[in-house]
Amino acid sequence: MNDLENEEKPENEHVVESAMSSTAAIDGVAALRSVFQRVNQAAEKAGRASDRVRVVAVSKTKPVSLIRQVYDAGHRSFGENYVQEVIEKAPQLPEDIEWHFIGNLQSNKVKPLLTGVPNLVMVESVDDEKIANTLDRVVGNIGRKPLKVLVQVNTSGEESKFGVEPSGCVGLAKHVKEACSNLEFSGLMTIGMADYTSTPENFKLLAKCRSEVCKELGIPEEQCELSMGMSGDFELAIELGSTNVRIGSTIFGAREYPKKK
């Protein structure tokens, strides 16, 4: 918050806002610790090492102050869904944060994203050759190091979900690896069913896609990430092989969207 904003708010409003922010931050840090305990338990249950599972704290709609508190607790991986939001937040936060972009990405937003967030480490939502080519071109033009990308797969078959069809994931992964020299193919991502009814099948299908991709590309499966699992299903995702879970509301609380006028 800048000085101008401070001057515009009554003093008592600052006290209330500060107290609310502090409470939210403490809750966020406690929730983060709880999430890591649950990750450890799920990994142990599956006979996996917990340090092989990355927790991406999804801070969509959340203020910089709350992200900073979670950062100060030692966390470094954060995710955002909207380009405008992450390019506004990133410059206000430490440069050693590793940002993941996890939302649908339009070609005209690629340059603002990559130039505005130099510490962006991964785009998890590459779902066609056009966006892969645009990312590849812009990364090359601005001279940054290769960008890690995941191919998003629509494993649930829902029209409302983005992602390449499972039958097309091998072709898209091959395109990224062989035709996009400024991108680093790092694995696959999916979003399970919202009501979790088909979540196990969605996650098993992504694991099957990984096997097919790795066989075609000639790479070991352990070098190919699976980004699957969110607040409601991350433990199951870990048991089914996820290496990257995207946790938002369980850490930060319910999302706060602006009310429509």
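No experiment lies behind these values; they were computed from the predicted model shown.

Asks: Pulling in residues and values, what's your account of the environment of R48?
Replies: Secondary-structure assignment places R48 in the loop between helix 2 (11-45) and strand 1 (54-58). The spatial distance from the C-alpha of R48 to the C-alpha of E239 is 8.4 Å, given a sequence separation of 191 residues. Non-local contacts of R48, meaning those with residues more than four positions away in its chain, are made with A43, V53, I238, G241, S242 and T243. Within the structure, the side chain of R48 is placed 2.7 Å from the backbone oxygen of I238, a separation counted as a polar contact. Among the polar contacts made by the side chain of R48, one reaches the main-chain carbonyl oxygen of S242 at a distance of 2.8 Å.

Asks: Quick one: what's the story with unusual backbone geometry, residue by residue and with numbers?
Replies: The residue T61 is not glycine, and still its phi comes out positive at about 70 degrees. Topologically, T61 is positioned in the loop between strand 1 and helix 3 (64-72). Overall, T61 belongs to the buried group, its relative accessible area being 19%.

Asks: Give me the pattern of salt bridges: which residues, what numbers.
Replies: Taken as a whole and judged by the stated rule, the model has 11 salt bridges. A salt bridge links E225 to R54; its shortest N-O distance comes to 2.9 Å. One end of the pair, E225, is in strand 7 (residues 225-227); the other, R54, is in strand 1, and 171 residues separate them in sequence. The exposure class of R54 is partly exposed, given its relative accessible area of 24%. The closest approach of N and O atoms between K89 and E80, which form a salt bridge, is 2.8 Å. Residue classification places K89 among the buried residues on the basis of a relative accessible area of 6%. Salt bridges sharing partners connect three or more residues here, namely E80, E85 and K89.

Asks: Which residues make up the side chain of N81, and what values go with them?
Replies: Within the fold, N81 resides in the loop between strand 2 (77-80) and helix 4 (83-89). The exposure class assigned to N81 is buried, which follows from its relative accessible area of 17%. If we ignore the near neighbours within four places in the chain, the residues touching N81 are V58, K60, F101, I102 and G103.

Asks: Give a description of the UniProt feature "modified residue: N6-(pyridoxal phosphate)lysine" (unreviewed entry) in the protein chain that names residues and reports values.
Replies: Residues given the UniProt feature "modified residue: N6-(pyridoxal phosphate)lysine" (unreviewed entry) here are K60. Within the secondary structure, K60 is located in the loop between strand 1 and helix 3.

Asks: Would you mind going over helix 7 (residues 169-179) in detail, with residue names and values included?
Replies: Within helix 7, burial applies to C169, V170, L172, A173, H175 and V176. Contact partners of the buried residues in helix 7: strand 4 (120-126), helix 6 (129-142), strand 5 (147-152), strand 6 (183-189) and helix 8 (199-217).

Asks: An account of the layout of surface pockets is requested, with residue identities and associated values reported.
Replies: Its boundaries defined by the atoms lining it, the second largest pocket holds a volume of some 500 Å³. As for the second largest pocket, its lining consists of 24 residues, and the residues nearest its centre are K60, N81, I191, M230 and R255. Looking at the lining of the second largest pocket residue by residue, the class counts come to 10 nonpolar, nine polar and five charged.

Asks: Mind laying out the packing of helix 7 against helix 8, listing which residues take part and the relevant values?
Replies: Contact geometry for helix 7 and helix 8: axes closest at 9 Å, N-to-C directions at 45 degrees. Comparing their axes, helix 8 and helix 7 come out oblique. For the pair helix 7 and helix 8, the crossing hand works out as right-handed. Residues C169, V170, A173, K174 and K177 of helix 7 form the contact with helix 8, whose participating residues are C209, E212, V213, E216 and L217. Grouping the constituent residues of the contact of helix 7 with helix 8 by class yields six nonpolar, no polar and four charged.

About the cut-offs
- Residues numbered from 1 in each chain as written.
- Predicted model: local features only at pLDDT ≥ 70, side-chain atom pairs only at ≥ 80, totals over all residues.
- Heavy atoms only, no water.
- Helix = DSSP H or I, 4+ residues; strand = E, 2+ residues; numbered from the N terminus.
- Contact = heavy atoms within 4.5 Å.
- Polar contact = N/O pair within 3.5 Å; in protein donor to acceptor, adjacent residues only side chain to side chain.
- Buried < 20%, exposed > 50% of the residue type's maximum accessible area, 1.4 Å probe, protein only.
- Salt bridge = Lys/Arg side-chain N within 4 Å of Asp/Glu carboxyl O.
- UniProt positions renumbered as here; feature names shortened; annotations may be inferred.
- 1 Å grid on protein atoms, 1.4 Å probe; cavity = no way out; pocket = protein on both sides within 12 Å on 5 of 7 lines; lining within 4 Å.
- Points joined across faces, edges and corners; volume = space filled by probe spheres on them.
- Nonpolar A, V, L, I, M, F, W, Y, C, P; charged D, E, K, R; others polar.
- Axes fitted to C-alpha atoms, helices over the stretch in contact; angles between N-to-C directions.
- Parallel < 35°, antiparallel > 145°, perpendicular 65-115°, else oblique.
- Left-handed = near helix turned anticlockwise from the far one by under 90°.

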